[in-house]
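Listed below are the residues making up each chain.
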Amino acid sequence: MWFKKVSKCRILWLGRVAEKGRVGTPRRRGVRGDALRDFRNGCIGAAVLFSRDAPLALVLPLVLLTTAGTCIVSPVQHSDDAGAATDARSNDAAVAVTVGADGGTATTATGASVAVPPGAVTDPTTVTIAPTAPPANETGVVGTVASEAVRLGPEGATFAAAVAVTLPVDRARLPAGRTIADVRMFRAPAGTTAFEEIPSRVEGGAIVGLTTHFSDFVAAIPASGAPACSDGLKNGAETDIDCGGSCAPCADGKSCGAAPDCASHVCTGALCREGFQALALGADHTCALSTSGRVKCWGAGRAGALERGHLGRGSSTFPDGTPGTMGANLRAIPTNGALVAEVRAGNSTTCLRFQDGTVACLGANSSGELGQGDMLPRGSSAADLGVGLARVPLGSGVSVKTLASGAGTCALTTTGAVKCWGANGSGELGIGDTNARGDEPGEMGNALPTVDLGAGRTAIALTQGSGFACAILDTNAVKCWGANDSGQLGLGDTGARGDEAGEMGDALPTVDLGTGRTARAIAAGGPSICALLDNDTLKCWGAARGLGDTNPRGDAPGEMGDALPAIDLGEPVRGFSLGFGHVCVLLAAGRTKCFGANAAGQLGLGDTAARGNLPGEVLGLPVLDLGSGRSARTIVAGSGRNGAVGPVAHTCALLNDGSAKCWGFNESLQCGYPFGPYVGTKPGGLGDALVATSVW
């Protein structure tokens, strides 16, 4: 171990770390607080990459020592093994890192970085990132340069999968009236001026671009009249008009050269083919939304003698998932040509949000959760589907932005209002009583009240758990209402909110997430909820998981705010999903880890032992084995239920090759495999041994 003096900071280099060792946040036994808060006086913060559509890494915080003490925010890993992940950070002008099959990251002192996903290289490769001369505008493509230019090496080589290049934007360079939203990323072969635009997005104060080429990169405002991804022409490196290659991924049926050209990540015969866009997991069923706007569901379509219809099959003689019922034989829910934008799987319901902003729900309806003014289930008869697929009446001019489903359903409208219907035994509809809505005539449409979030407040995100709901407000604060037996409302008691008059609106406190902390994303499951915070840490409360014990959080005074530790994963979190008793997180380079209940093998670790109930268990979790060269684009934890062996649920991941794999509880064949009741409870049952779920 040695130190290199850099101004008033010294950067820590770690030569080799033992296979099970780590360098991480200093802490006392039993204390895991917010790492970024603990080191607020350190030398530097964190630069983060985030991608929902590609298996890309987020850039981890720099690891520095100050003269005042150690500021180690996240692990730095080095290995001589060809397949091991490596991370490099330096205050030098150039940074080099040896990357193997598991990928890695490299970050310069100015925050420029490259994140290489697993499978992007097959042999150990030394990747370099270094400042280079800014481009001259000789081609008329690059207009106003808005960042430093960097060179990614070795020159002339290519990656097997898209990597992420991040360039912090210097806002002082932007002309008057222009913002970071006008900035794009450009690449050119090293030392040339043949710049072309590449797919990119704004992340905080930086531009993140996707590329498979070692070359020069710069963030800039495009020159006037330059080829662009919105000019209606096939030009530059596009594989079809305004998509593929250097532009955004192409829709189904468009031309492609490789999988990253397609939104589906499926390129066959030089055309993008239908594939997975999203997954939704209920307790006993799974639904998939395709890139063509179709939805297919499989698993249990009935419970005892009661036909629920939430698979949308029009009949149910056996659960889908049996031999011969999956793949091309699995019927999509008939929608009479309407394209689906979102699917949500509730306990015994499936709700669809269409591209025109309307909503339809299928399945059980004992509490009016289908919003049709009665208690009749729908979806088990052909008359309920196609032209007969009834829309949920939400009021004049209401257009829905997103949905949340549990025992009922909540809709977030395009104006930021929230409307909920269905069961309401604990006030989860947020309207000051415990009467269900949608089970009798005259309760829906304009008669259905909006949830009072407070004076002038609107919502930007929404989630539902068991008998409660939560929203992220336009201030990025969180409010929760409904059942509170485990402290899931985060208010320091166990009293329900929203079940009596006067408890909502300004009377409902926001959840204390910690000093200066706000929420980027939330998800609820069972009596628990987790929030991804603005500093890329994860906090969970209610019947919380992952804190080294089995105690609930938020049910007594003094347990929230700065007293509530972040889950100690040892590195930033880029995404997560909360199921019935288990949590799965998405980390750098498409790596995934799961913790919590595991009676059905839902953690994907080849056993049934729970994780996170003992100190240090989460930090030491292994990365899930998704197969050779496979990483996760997203991971979803199922809502599950209490089984004879404990909380049982299933988990699914969308992979970087466009496929999906599911494991855990499979009693109703919800994993899509014709065997059960469990998938992945024995060693060797996952990884390459687990075949992809056949849907499209």
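Model, not experiment: these values are computed from the prediction.

A. Molecular detail of the overall build of the protein chain. The helix and strand tally for the protein chain stands at one helix and 45 strands. Residues counted as buried form 57% of the 696 residues belonging to the protein chain. By sequence separation, contacts in the protein chain at least 24 residues apart represent 55% of the contacts at least 6 residues apart. Here the protein chain has roughly 25,800 Å² of accessible surface; of this, 51% comes from carbon and sulfur atoms.

B. Spotlight on the state of the cysteines. With the rule as written, the count across this model stands at ten disulfides. Across the disulfide from Cys287 sits Cys297; the S-S distance is 2.1 Å. Its S-S torsion of approximately 105 degrees makes the covalent link between Cys287 and Cys297 right-handed. You can see Cys287 sitting in strand E21 (residues 285-290) and its partner Cys297 sitting in strand E22 (residues 295-299), a full ten residues away along the chain. Accessibility assignment for this pair places Cys287 and Cys297 in one class, buried. The closest cysteine sulfur to the non-disulfide-bonded Cys671 is located on Cys662, 5.5 Å from its own sulfur.

C. Broad picture of the pairing of strand E17 (residues 216-222). Within E17, six of the seven residues are buried, which leaves the element mostly enclosed by the surrounding structure. As paired strands, strand E10 (residues 142-145) and E17 are joined by three bridges and run antiparallel to one another. Along E17, the bridge assignment pairs Val142 with Pro222. Bridge analysis of strand E11 (residues 149-153) against E17 gives two bridges, and the strand direction is antiparallel. Each bridged residue has a counterpart across the sheet, and for Val150 the counterpart in E17 is Phe217.

D. Main features of the packing of aromatic side chains. Per the stated rule, a full pass over the model turns up four aromatic pairs. For the ring pair Phe276 and Trp696, a centre distance of 5.8 Å and an interplane angle of 70 degrees mean the geometry is edge-to-face. In this pair, Phe276 sits in strand E20 (residues 276-281) while Trp696 sits in the segment after strand E45 (678-679), placing the two residues 420 residues apart along the sequence. With a relative accessible area of 4%, Phe276 lands in the buried category. On the basis of relative accessible area, Trp696 is assigned to the partly exposed category, the value being 24%.

E. Inspection of the pattern of salt bridges at higher detail. Evaluated as defined, the whole model comprises 21 salt bridges. Between Arg437 and Asp433 there is a salt bridge; the shortest N-O distance is 2.8 Å. Residue Arg437 is classed as buried on the basis of its relative accessible area, which comes to 14%. The partner of Asp474 in a salt bridge is Arg457, with the nearest N and O atoms 2.8 Å apart. Of this pair, Asp474 sits in the loop between strand E32 (468-473) and strand E33 (478-482) while Arg457 sits in the loop between strand E30 (418-422) and strand E31 (459-464), and the two are 17 residues apart along the sequence.

F. The sheet that holds strand E28 (residues 400-405), seen in detail. An order of E28-E29-E30 is seen for the three strands of this open sheet, with the pairing classed as antiparallel. Each end of this open sheet is capped by a strand with a single partner; those strands are E28 and E30. Looking at each pair of strands side by side, their axes are set apart by 20 degrees on average, direction ignored. Here five bridges tie strand E29 (residues 408-413) to E30, and the two strands are oriented antiparallel to one another. The residue bridging Ala411 from the neighbouring strand is Lys419, located in E30.

G. Expanded view of the environment of Asp607. Locating Asp607 in the fold gives a position in the loop between strand E39 (592-596) and strand E40 (632-637). Along the sequence, Asp607 and Gly685 sit 78 residues apart, while their C-alpha atoms lie 9.7 Å from each other. With residues up to four places along the chain from it excluded, the contact list for Asp607 reads Asn598, Gly601, Gly680 and Thr681.

H. Representation of the nonpolar core. Judged by nonpolar contacts, the single largest core of 83 residues is most densely connected at Leu279, Val478, Leu538, Val585 and Trp663. With six residues, E32 is the single largest residue contributor to this core. Counting residues in each nonpolar core, the second largest holds 30 residues, with Ala112, Val121, Leu152 and Phe217 among its members.

I. Fine view of the environment of Gly664. By secondary structure assignment, the location of Gly664 is in strand E44 (residues 660-665). Residues Gly664 and Pro677, spaced 13 residues apart in sequence, show a C-alpha to C-alpha distance of 8.4 Å. Residues contacting Gly664, with those up to four places away along its chain left out, are Ala600, Gly601, Gln602, Ala649, His650, Cys671, Pro677, Tyr678 and Val679.

J. Focus on the environment of Gly312. Of note, Gly312 is situated in the loop between strand E24 (306-307) and strand E25 (340-345). Residue class for Gly312 comes out buried when judged on its relative accessible area of 1%. Sequence separation between Gly312 and Ile333 is 21 residues; the distance between their C-alpha atoms is 5.2 Å. Excluding residues that lie within four positions of it along the chain, Gly312 makes contacts with Ile333, Pro334, Leu362, Gly379 and Leu385.

K. Broad picture of the sheet that holds E20. If you trace the three strands from one edge of the open sheet to the other, you get E20-E21-E22, paired in antiparallel fashion. What marks the edges here is a single partner per strand, and that holds for E20 and E22. Within the sheet, the average angular offset between the axes of one strand and its neighbour, ignoring direction, is 20 degrees. Bridge count for E20 against E21 is five bridges, and the pairing is antiparallel. Following the sheet pairing, Leu279 is matched in E21 by Ala288.

Parameters at a glance
- Residues numbered from 1 in each chain as written.
- Predicted model: local features only at pLDDT ≥ 70, side-chain atom pairs only at ≥ 80, totals over all residues.
- Heavy atoms only, no water.
- Helix = DSSP H or I, 4+ residues; strand = E, 2+ residues; numbered from the N terminus.
- Buried < 20%, exposed > 50% of the residue type's maximum accessible area, 1.4 Å probe, protein only.
- Contact = heavy atoms within 4.5 Å.
- Areas by Shrake-Rupley, 256 points an atom, 1.4 Å probe, with all protein chains shown as cover.
- Disulfide = S-S within 2.5 Å.
- Pairing = 2+ DSSP bridges.
- Phe/Tyr/Trp six-rings, centres within 6.5 Å; stacked < 30°, edge-to-face > 60°.
- Salt bridge = Lys/Arg side-chain N within 4 Å of Asp/Glu carboxyl O.
- Axes fitted to C-alpha atoms, helices over the stretch in contact; angles between N-to-C directions.
- Core = buried A, V, L, I, M, F, W, Y, C linked by side-chain atoms within 4.5 Å.

By themselves, these are just geometric observations and shouldn't be taken as functional.
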